[in-house]
Amino acid sequence: MSATVLAVPVLSSCGFDYATDRVYTPAAGTNNRDETVDVVGAVVVASQPGRGTFVAGLSNNDPDEPRTLVSINGEGVDVKGPQNLEIPARGYVNLADEDVHLDGDVAAGGHVTLQLEFDQGETVELDIPVMTNCDAFEGADTSVKDGASDEELAEAYSCEFPEAGHSEGEH
């Protein structure tokens, strides 16, 4: 009987490496903290098929030296954006302010694989979700050209959801 009483505290404990001790960011974006520069909240926001804007946060963990984002390359996409973007020591850069545009294989609900190369030879590869330019991401897609044609505007993703029909007895 006494052995059972002593085993209860051991069997009921959670052990080590609690989930609450680990980094958790509830968001639609992809995070990578494997290199000197953390890439957080990475998403591609698209207003229409074939075009989008890459947004993410870049956090330099080096306390003494700035890091430079040398290039962004993607599979199936042409990336246009800043070259040699400096991230200060212990600093942060929000790519939403940098207009990083993608043309090519971009479709809401899909993914885009991008490689971010930094000056110290580090490369971060991310499988990034493509979100519509709606709700929390509204206005984040800056790739839409001013004066877009009616045909281009007709291809735009809608942020409207169809009304769900409910019967009277359903509520």
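Above: the structure in question.
Scoring rules and cut-offs
- Residues numbered from 1 in each chain as written.
- Predicted model: local features only at pLDDT ≥ 70, side-chain atom pairs only at ≥ 80, totals over all residues.
- Heavy atoms only, no water.
- Helix = DSSP H or I, 4+ residues; strand = E, 2+ residues; numbered from the N terminus.
- Buried < 20%, exposed > 50% of the residue type's maximum accessible area, 1.4 Å probe, protein only.
- Contact = heavy atoms within 4.5 Å.
- Areas by Shrake-Rupley, 256 points an atom, 1.4 Å probe, with all protein chains shown as cover.
- Core = buried A, V, L, I, M, F, W, Y, C linked by side-chain atoms within 4.5 Å.
- Pairing = 2+ DSSP bridges.
- Polar contact = N/O pair within 3.5 Å; in protein donor to acceptor, adjacent residues only side chain to side chain.
- Salt bridge = Lys/Arg side-chain N within 4 Å of Asp/Glu carboxyl O.
- Disulfide = S-S within 2.5 Å.

Quick notes on the overall build of the protein chain
The number of helices and strands found in the protein chain is 2 helices and 10 strands. Across the protein chain, helices and strands are ordered from the amino to the carboxyl terminus as α-β-β-β-β-β-β-β-β-β-β-α. Out of the 171 residues in the protein chain, the part that is buried amounts to 33%. A fraction of 60% describes how many contacts in the protein chain between residues 6 or more apart in sequence connect residues 24 or more apart. For the protein chain, the exposed surface amounts to about 10,700 Å²; the carbon and sulfur share of it is 49%.

Description of the nonpolar core
Counting residues in each nonpolar core, the largest one holds 26 residues, and the members touching the most others are Phe54, Leu114 and Leu116. Looking at this core, the elements with two or more residues in it are β2 (37-48), β3 (51-60), β4 (67-74), β6 (85-87), β8 (100-104), β9 (111-118) and β10 (123-132). The dominant element in this core, judged by the number of residues it contributes, is β2, at 5 residues. The residues touching Leu114, leaving out its near neighbours within four places in the chain, are Phe54, Ile72, Asn73, Gly74, Val77, Val79, Leu102, Val124, Glu125, Leu126 and Ile128.

Digging into the pairing of β8
In this structure, β3 lies alongside β8, joined through 4 bridges in antiparallel fashion. Opposite Thr53, over in β8, you have His101 as the bridge partner. Examined bridge by bridge, strand β5 (residues 77-80) and β8 share 4 bridges and lie antiparallel to one another. Bridging from a neighbouring strand, Lys80 pairs with His101 of β8.

Concerning the side chain of Asn133
Residue placement: Asn133 occurs in the loop between β10 and α2 (150-154). A relative accessible area of 17% means that Asn133 is categorised as buried. Within the structure, Asn133 has its side chain in polar contact with the side chain of Ser47 (distance 3.2 Å). Discounting chain neighbours no more than four positions away, the residues touching Asn133 are Val45, Ala46, Ser47, Glu138, Gly139, Ala140, Asp141 and Cys159.

Side note on the pattern of salt bridges
Within this structure, the stated rule accounts for 4 salt bridges. One salt bridge in this structure joins Arg51 and Asp103, with 3.7 Å as the shortest N-O distance. Of this pair, Arg51 sits in strand β3 while Asp103 sits in strand β8; the two residues are 52 residues apart in sequence, bridging distant segments of the chain. The class of Arg51 is buried, set by a relative accessible area of 13%. Here Lys80 and Asp103 are joined by a salt bridge, their closest N and O atoms 2.6 Å apart. Residue Lys80 is found in strand β5, and its partner Asp103 is found in strand β8; the two are separated by 23 residues along the sequence.

Side note on the state of the cysteines
Counted under the stated rule, the structure contains 1 disulfide. Covalently, Cys134 is tied to Cys159 through a disulfide, its sulfur atoms 1.8 Å apart. Residues Cys134 and Cys159 share a disulfide whose torsion about the S-S bond is about -85°; that sign makes it left-handed. Of the two residues, Cys134 sits in the loop between β10 and α2 while Cys159 sits in the segment after α2, which places them 25 residues apart along the sequence. Under the relative-accessibility criterion, Cys159 is labelled partly exposed at 37%.

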